[in-house]
Amino acid sequence: ILLHHRHRLERDRRAGNELTHMQNTIRQELLALSHDLGREDRGLAILGEGNTSGRLGDKSFLVKASGTCLGTLKEDDLVECRFSALLPMLEQESLADQQVDDALFAARVDTKAKKPSVEAVFHAWLLSLPGVKFVGHAHATAVNQILCSPRAKDFSQHRMFPDEIVCCGSASVFVPLTDPGLKLAQAIRRETEAFIQKEQSQPRVILMQNHGLITLGGTWQSVLSAMLMAEKAAKIFVGAAALGGPVFFSGENTARIAGRPDEAYRQRALKI
C-alpha cells in the first residue's frame, strides 16, 4: 500500500510539472504573439488597441489586461480568468457597465491581478471552440479602411489570391456594427455559429464592422499568419478597388485551392 501511494504521488508530481511547463509555454507564446501584433511598423495596433488570449486548459485562460499595450506587454499584464465566470454572461439579456466590470474582476484567478480586457468574454467563448488555443484582436489600418466602408461584406465573403485562402480560410465571419463589450461578444457568438453551420468549418478570421478583426487558431503562429495576411489582403483590395476591382475568385476556384493537398502541406509547415 505504501509503495502504491508513493507511485501515485510521483505520478501526480510529474503531471503537475508537465502542466506547469505547458502553461509557462503558453504564457511565453502569448507574449510573442502580442509583441508581433503590437509592432508599430505593421499598423495592426497602437497604444492600448487590441487584445490577445491563450487557453491554459479546460478551466482557465490568459487574456491581456485592460489598458496595456500589445507591443510592450509583460507577464504581469496577462490575467488568468475562469471560463465558468465569463461564459454565463453571454446568456444575459443586458448588464449595466458596472455589472460587467464587476464580473470581469470576479473572473480573475488571482484577485490581485489587473483588470481583464473588456473583450475577455468573446475571448472566453472563442477559446471554448474545438482546437482553438489562441485568439488575437487588432484594429488593423488597411482592414479598417474596408470595414469602415460600404464594401466590408465583399471583403468578408470573397477571396482574391491563393495565400489569402491558405491563411485566412475561404471566407470570414462578418459582424455588423455592435457596441464593444458584452453585446459584441454575443454578436460574435451568433454570427460565428451561423458561419459554422453554413460553411461546416470554423473560421480563421472574424471581421467587425467599423471596429477591427479577430483571428483564431490552434497555434500562436496561425493567429499571427491570419492577421498579417488579412492586412495584406486588405491593402490589395483597396488598391484593386481604385482600379475598378477587385476581381474575386469564383466559389469553385476558392474551394479548389482550399482543398488542394499542396496547400494543406503548406499550412502544416507554417503551423497554420
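Scroll up for the structure.
Residues numbered from 1 in each chain as written. Predicted model: local features only at pLDDT ≥ 70, side-chain atom pairs only at ≥ 80, totals over all residues. Heavy atoms only, no water.

### Looking at the overall build of the protein
Reasoning step 1: Check the secondary structure of the protein and you find eleven helices and seven strands.
Reasoning step 2: Taken over C-alpha atoms, the radius of gyration comes to 20 Å for the protein, in line with the 19 Å a tight globule of 272 residues would show.
Reasoning step 3: Across its three principal directions, the C-alpha atoms of the protein cover 75 × 45 × 35 Å.
Reasoning step 4: Out of the 272 residues belonging to the protein, those deemed buried represent 44%. (Helix = DSSP H or I, 4+ residues; strand = E, 2+ residues; numbered from the N terminus. Rg over C-alpha atoms; globule rule 2.2 N^0.38 Å. Buried < 20%, exposed > 50% of the residue type's maximum accessible area, 1.4 Å probe, protein only.)

### Looking at the sheet that holds strand β3 (residues 78–82)
Reasoning step 1: One open sheet holds the seven strands; their spatial order is β3-β2-β1-β4-β7-β6-β5, and the pairing between them is mixed. Two strands close off the open sheet at either side, each with one partner strand: β3 and β5 (173–175). In this sheet, adjacent strand axes meet at a mean angle of 20° when their direction is disregarded.
Reasoning step 2: Here three bridges tie β5 to strand β6 (residues 205–208), and the two strands are oriented parallel to one another. Looking at β6, one finds that V173 is bridged to I206.
Reasoning step 3: Helix α4 (residues 120–127) rests against β1 (51–55), β2 (60–64), β4 (134–138), β6 and β7 (212–217) of the sheet, and its axis sits at about 35° to β1.
Reasoning step 4: Where helix α8 (residues 182–199) meets the sheet, it contacts β5, β6 and β7, and its direction lies at approximately 145° from that of β5. (Pairing = 2+ DSSP bridges. Axes fitted to C-alpha atoms, helices over the stretch in contact; angles between N-to-C directions. Contact = heavy atoms within 4.5 Å.)

### Some thoughts on the environment of G57
Reasoning step 1: By secondary structure assignment, the location of G57 is in the loop between β1 and β2.
Reasoning step 2: Expressed as a C-alpha distance, the spacing of G57 and S128, which sit 71 residues apart in the sequence, is 9.8 Å.

### Details of the environment of G259
Reasoning step 1: With respect to the secondary-structure elements, G259 resides in helix α10 (residues 251–259).
Reasoning step 2: Along the sequence, G259 and G71 sit 188 residues apart, while their C-alpha atoms lie 35 Å from each other.

### Some thoughts on the nonpolar core
Reasoning step 1: Ranked by internal contacts, the top residues of the largest apolar core, which has 40 residues, are L33, L37, F134, V143, F155, L207 and L213.
Reasoning step 2: Broken down by secondary-structure element, the contributors of at least two residues to this core are α1 (2–37), β4, α5 (141–147), α6 (152–157), α7 (162–168), β6 and α9 (220–242).
Reasoning step 3: Sort the elements by how many residues they give to this core and α9 lands first, with ten residues.
Reasoning step 4: For L33, the contacting residues outside a window of four places in its chain are T52, F134, V135, W220, V223 and L224.
Reasoning step 5: M89, A124, L129 and A187 belong to the second-largest nonpolar core, a separate cluster that totals 36 residues. (Core = buried A, V, L, I, M, F, W, Y, C linked by side-chain atoms within 4.5 Å.)

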